[in-house]
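# Structural characterization, general
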Amino acid sequence: DTAVSQTPKYLVTQMGNDKSIKCEQNLGHDTMYWYKQDSKKFLKIMFSYNNKELIINETVPNRFSPKSPDKAHLNLHINSLELGDSAVYFCASEVAGGRETQYFGPGTRLLVL
Amino acid sequence: SQKIEQNSEALNIQEGKTATLTCNYTNYSPAYLQWYRQDPGRGPVFLLLIRENEKEKRKERLKVTFDTTLKQSLFHITASQPADSATYLCALEGYNFNKFYFGSGTKLNVKP
């Protein structure tokens, strides 16, 4: 069983479109994250949720809207996609509240044309 | 703002040798430092965690040191194998819970 799964794995879309990425973890963790990894391989935190509550929002454009329907799921909706949004987006989960190992999903490769 | 630096050049070593990777940071006082391994097309995988009051941590062939005076962590892989070839990322977490900052990683190539 995959611990942290993401769908889709690949996403190719036109500029201006709206798209969503889904993440699910079956580890029973309370905390989930979205990260963006750019072409230079920097992994940058975007959002963190603890038990469905948003606790970190790292100066991300408001075109990005996370949503956590329950603590096992964290989705990311992106409006009006731009070329600069092209990157790999990773979901991760953690037991609770920091100070712990993060478990990453396989990533969603987004290409905006 | 905080800055985390890892050697952007790939590290090429011969099988059996010890690989040493460096993570330097500035403008930050991390409470924890973690090392992750990332293979192409995959998400990072946790390897080791070291706390600010610990100097060294070991796990099998892996060893991490943490020098808060030098603001540096060293990651060692002894008796390296071709299967150790991957990108290694360091991540720092401060006293603000849940906020991890990652370096850009160093690619390690172990040649048979």
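Everything below is about the structure printed above this text.
Below is a summary of the structure that appears in this document. What you see is a predicted model; the values in this text were computed from it and never measured. (Residues numbered from 1 in each chain as written. Chains lettered and ligands numbered in written order. Predicted model: local features only at pLDDT ≥ 70, side-chain atom pairs only at ≥ 80, totals over all residues. Heavy atoms only, no water.)

## Thoughts on the environment of Val 95 of chain A
All names here are of chain A. Stated precisely, the cut-off is as follows: Helix and strand definitions here come from DSSP, where helices need a minimum of 4 consecutive H or I residues and strands a minimum of 2 consecutive E residues; each element is numbered from the N-terminal end. Accessible area is worked out with a 1.4 Å probe on protein chains only. A residue is then buried under 20% of its type maximum, exposed over 50%, and partly exposed in between. The contact criterion used throughout is that any non-hydrogen atoms of two residues lie within 4.5 Å.
Mapping Val 95 onto the fold places it in the loop between strand 9 (87-94) and strand 10 (103-104). Taking relative accessible area as the criterion, Val 95 reaches 43% and is therefore assigned partly exposed. For the pair Val 95 and Ile 55, spaced 40 residues apart in sequence, the C-alpha separation works out to 15 Å. Apart from the residues lying within four places of it in its own chain, the contact partners of Val 95 are His 29, Asp 30, Thr 31 and Glu 100.

## What to know about a nonpolar patch on the surface
To keep things clear, this is the line we draw: Residues enter patches when their relative accessible area tops 30% and they take part in no salt bridge; the joining distance is 9 Å for like charges and 5 Å for the nonpolar side chains Val, Leu, Ile, Met, Phe, Trp and Tyr. Per-residue and other accessible areas follow the Shrake-Rupley method at a 1.4 Å probe size, with only the shown protein chains counted as cover for residues. For salt bridges, the criterion is a side-chain nitrogen of Lys or Arg within 4 Å of an Asp or Glu carboxyl oxygen.
A cluster of nonpolar side chains, namely Val 12, Leu 111 and Leu 113 of chain A, defines an oily patch on the protein surface of about 270 Å² accessible area. Here Leu 111 of chain A shows up in strand 11 (residues 108-112).

## As for the nonpolar core
As a reminder, the rule being used: Within this scheme, the nonpolar core is defined by two criteria: the residues are buried Ala, Val, Leu, Ile, Met, Phe, Trp, Tyr or Cys, and they are joined through side-chain atoms within 4.5 Å.
One finds Ile 4, Trp 35, Phe 75, Ile 77, Tyr 88, Leu 92 and Leu 108 of chain B to be the most contacted residues of the largest nonpolar core, which totals 24 residues. Secondary structure elements with two or more residues in this core: strand 3 (19-26), strand 4 (32-38), strand 5 (45-51), strand 7 (62-67), strand 8 (72-77), strand 9 (86-93) and strand 11 (106-111) of chain B. Sequence-distant contacts of Leu 108 of chain B, defined by excluding residues within four places in its chain, comprise Leu 11, Ile 13, Ala 19, Ile 77, Asp 84, Ser 85, Ala 86 and Tyr 88 of chain B. Counting 20 residues, the second-largest nonpolar core is a separate cluster that includes Val 4, Leu 11, Trp 34 and Ala 87 of chain A.

## Some points on the interface of chain B and chain A
Where we set the bar: The term polar contact refers here to a pair of N or O atoms within 3.5 Å; inside protein, the definition further demands a hydrogen-donor-capable atom paired with an acceptor-capable atom, and it admits residues adjacent in sequence only when both atoms are side-chain atoms.
Across the contact, 23 residues belong to chain B and 25 residues belong to chain A. At the boundary of chain B with chain A, the tally comes to 0 salt bridges. Counting the contacts that link chain B with chain A gives 3 residue pairs in polar contact (both at pLDDT 80 or more). Looking at the side of chain B that touches chain A, the elements with two or more residues in it are strand 4, strand 5, strand 9 and strand 10 (100-102) of chain B. No other element matches strand 4 of chain B, which puts 4 residues into the side of chain B that touches chain A.

## Here's the deal with the sheet that holds strand 3 (residues 19-25) of chain A
Residue and element names in this part refer to chain A. Note the following rule: A pair of strands is treated as paired once DSSP finds two or more bridges between them. Axis geometry follows a simple rule: fit a line to the C-alpha atoms, using only the stretch in contact for helices, then measure angles between N-to-C directions, giving values from 0 to 180 degrees.
Taken together, the 4 strands give an open sheet; going across it, the order is 1-3-8-7, and neighbouring strands pair in antiparallel fashion. The open sheet is flanked by strand 1 (4-7) and strand 7 (64-70), the only strands paired with a single partner. Sheet twist, expressed as the mean angle between neighbouring strand axes with direction ignored, is 20°. Relative to strand 8 (residues 73-78), strand 3 runs antiparallel, the two sharing 4 bridges. Residue Ser 20 lies in a different strand from strand 8, and its bridge partner there is His 77.

## Remarks on the pairing of strand 4 (residues 31-37) of chain A
All names here are of chain A. Strand 4 sits mainly inside the fold: 6 of its 7 residues count as buried. Both strand 4 and strand 5 (residues 43-50) contribute to a ladder of 7 bridges, which runs antiparallel. Directly across from Lys 36, in strand 5, lies its bridge partner Lys 44. Where strand 4 folds back onto strand 5 in an antiparallel hairpin, the turn is made up of 5 residues, including Lys 41, whose phi is positive at roughly 75°. With 7 bridges connecting them, strand 4 and strand 9 associate as antiparallel partners. Within strand 9, the position partnered with Lys 36 by the bridge is Tyr 89.

## Comments concerning the layout of surface pockets
Convention followed: Of the grid points, spaced at 1 Å and generated over the protein atoms alone, those admitting a 1.4 Å probe that cannot get out make up cavities, while open sets with protein on both sides within 12 Å along at least five of seven lines make up pockets; any residue with an atom within 4 Å of a point is treated as lining. Grid points are joined across faces, edges and corners, and a volume is the space filled by probe spheres set on the points. Gly counts as polar in this scheme, as do all residues outside two lists: the nonpolar Ala, Val, Leu, Ile, Met, Phe, Trp, Tyr, Cys and Pro, and the charged Asp, Glu, Lys and Arg.
Of the voids in this model, the largest pocket is the one considered here, and its volume is about 460 Å³. Along the walls of the largest pocket sit 27 residues, with Gln 37 and Lys 41 of chain A together with Gln 38, Pro 40 and Thr 87 of chain B positioned nearest its centre. Secondary-structure elements contributing two or more residues to the lining of the largest pocket are strand 9 and strand 11 of chain A together with strand 9 and strand 11 of chain B. Ranked by residue count, the leading element in the lining of the largest pocket is strand 11 of chain B, at 4 residues. Of the residues that constitute the lining of the largest pocket, the class distribution is 8 nonpolar, 12 polar and 7 charged.

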